[in-house]
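# Survey of secondary and tertiary structure
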Amino acid sequence: METLGCPLCDQQFPIDKIERHASVCNGNVANPGRAAVQRAASTSAVPTLATTLVIDDDDDDDDDGMDEAMLACLEAAEAKASKAPVRAIAPTSVAKANAISSFFAPKHYNKPSSFKSKKATPAPVAIQSTCQPGGGIDAEGYPILDANLAGEWIYPTNLPERSYQHAICRTSLMHNTLVSLPTGLGKTFIAAVVMYNFWRWYPQGKLIFTAPTKPLVAQQVQACFNIMGFAPEDICEITGNKTHERRDHLWREKRVFFLTPQCAVADLTRDCFQAKEVVCVVIDEAHRALGDHAYCKLIAALQSQSSRFRVVALSATPGDTTANVKSVIRNLLISKIEIRSEDALDVKPYVNQRTTETIVVKASDEIEACQRTIGALAKKYITQLHRKGIMADVELAVLSTPRLMSTRAQFRD
């Protein structure tokens, strides 16, 4: 029987069981073995509001899910507003600040840290997030959570609600999440919802949407603006065509940035902005986050200076091998995976029937001439790698970028 490996726990499962296991492994479906514990926890008292949130990073805690207060907040009000363009999902009587208890990047991809809000108590391993009305910047340079907005999150109703999108948004608000959906099923919608809520919660925070090419960047600017009600004066697109002076000005004045990862790394290196200012990073085409790709450099640079930012990674195909998926998870600090196929029960109603026609287009004489020239230049280097036993093939026609990157990763290991 053909099996697939889970990238989080390394166990093998039959293909027809892997989706169910992924839900359990991610914490989206209750683990029967912990039912009694969860029932007991649900009856415990909810902690009261403290001026300062202390986020306890406890690697010994086996529960990597949301704390009880946040779970109560998100499950409290699911009824739709019949006419309003957006829906505010508000908590019950739990403390507002406790709704934002796990908004920071975990340090371990294989065993995500369990973040639980408590009253302010000194602890050397605690991550503190100041919470006050109106937000601001704390003494360490981190954006302050707006206590007036911390008790609710906004989900749009100007588009038909899809249950899988709503569920993935909730997960992505609370965890660094890899979202894998087939093309056309709303990955950008999910990213826009998450970004919008962080934009509201942290009035002084900056949000970054990265895409690998300038055309994709331009496309995502318009898509996110159409989905959610970002203030136009807060949004900007940064490209390498802009001068350093112009880019410096934009980083000072704007809050929501759409750019390539190369631009983000370059501007962070030039101190155009501080890593601590960033509260949310969206990675489009996340399967590219391998080796020394700019995505990897960006997340590593942010993590070296900050521990308080959310990562939402988007990809239709997170990797062609288990090793590559693990690398993406590690490089992007992922703690949850939300994956849906076209056959998933909550996705199938939205998949359109389509027919595929293959049209083979013959390369022009100019393209074939370029291929011959590039092949002649690369052949001597490929031959050297082949002689040293690093590469098995010497024909340029059978080599691809993913294959070269995979070979490089194996050689480095």
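In the block above lies the structure referred to throughout.
A quick note: this is a predicted structure, and the numbers were derived from the prediction, not measured.

Cut-offs and rules
- Residues numbered from 1 in each chain as written.
- Predicted model: local features only at pLDDT ≥ 70, side-chain atom pairs only at ≥ 80, totals over all residues.
- Heavy atoms only, no water.
- Core = buried A, V, L, I, M, F, W, Y, C linked by side-chain atoms within 4.5 Å.
- Buried < 20%, exposed > 50% of the residue type's maximum accessible area, 1.4 Å probe, protein only.
- Helix = DSSP H or I, 4+ residues; strand = E, 2+ residues; numbered from the N terminus.
- Phe/Tyr/Trp six-rings, centres within 6.5 Å; stacked < 30°, edge-to-face > 60°.
- Contact = heavy atoms within 4.5 Å.
- Pairing = 2+ DSSP bridges.
- Right-handed = clockwise from strand over helix to strand, strands pointing away.
- Axes fitted to C-alpha atoms, helices over the stretch in contact; angles between N-to-C directions.
- Parallel < 35°, antiparallel > 145°, perpendicular 65-115°, else oblique.
- Left-handed = near helix turned anticlockwise from the far one by under 90°.

Bringing the nonpolar core into the picture now. Ranked by internal contacts, the top residues of the largest apolar core, which has 45 residues, are M195, F198 and F258. Tallying contributions element by element places helix α5 (residues 187-201) first for this core, with 11 residues. Counting 36 residues, the second-largest nonpolar core is a separate cluster that includes I283, A286, L302 and F309.

Under the counting rule described, the total for this entry stands at 11 aromatic pairs. Judged by centre distance (5.4 Å) and plane angle (70 degrees), the ring pair of F198 and W201 falls under edge-to-face. Of this pair, F198 and W201 both sit in helix α5, separated by 3 residues, roughly a single helical turn. Taken individually, F198 and W201 each receive the classification buried, so the pair is uniform in this respect.

So, on to helix α10 (residues 322-331). When we look at burial in α10, the residues that qualify are N324, V325, S327, V328 and I329. Where α10 is buried, its residues contact β16 (336-339). L333 occupies a position one or two residues after α10 and carries a positive phi of about 60 degrees.

A separate point is the pairing of strand β14 (residues 278-283). Of all 6 residues in β14, 6 are buried, a share of seventy percent or more. Examined bridge by bridge, strand β11 (residues 206-210) and β14 share 5 bridges and lie parallel to one another. Bridge pairing links K206 to V278 in β14. By the bridge criterion, 4 bridges tie β14 to strand β15 (residues 310-315) in an arrangement that is parallel. Of the residues in β15, the one forming a bridge with C280 is R310. For the crossover that starts at β14, traverses helix α9 (residues 294-305) and ends in the parallel β15, the hand is right-handed.

Okay, the packing of helix α4 (residues 163-174) against α5 next. Contact geometry for α4 and α5: axes closest at 9 Å, N-to-C directions at 45 degrees. By the criterion of interaxial angle, the relationship of α4 to α5 is oblique. Crossing hand, α4 versus α5: right-handed. Contacts between α4 and α5 involve Q165, I168, C169, S172 and L173 on the former and, on the latter, F189, I190, V193, V194, N197, F198 and W201.

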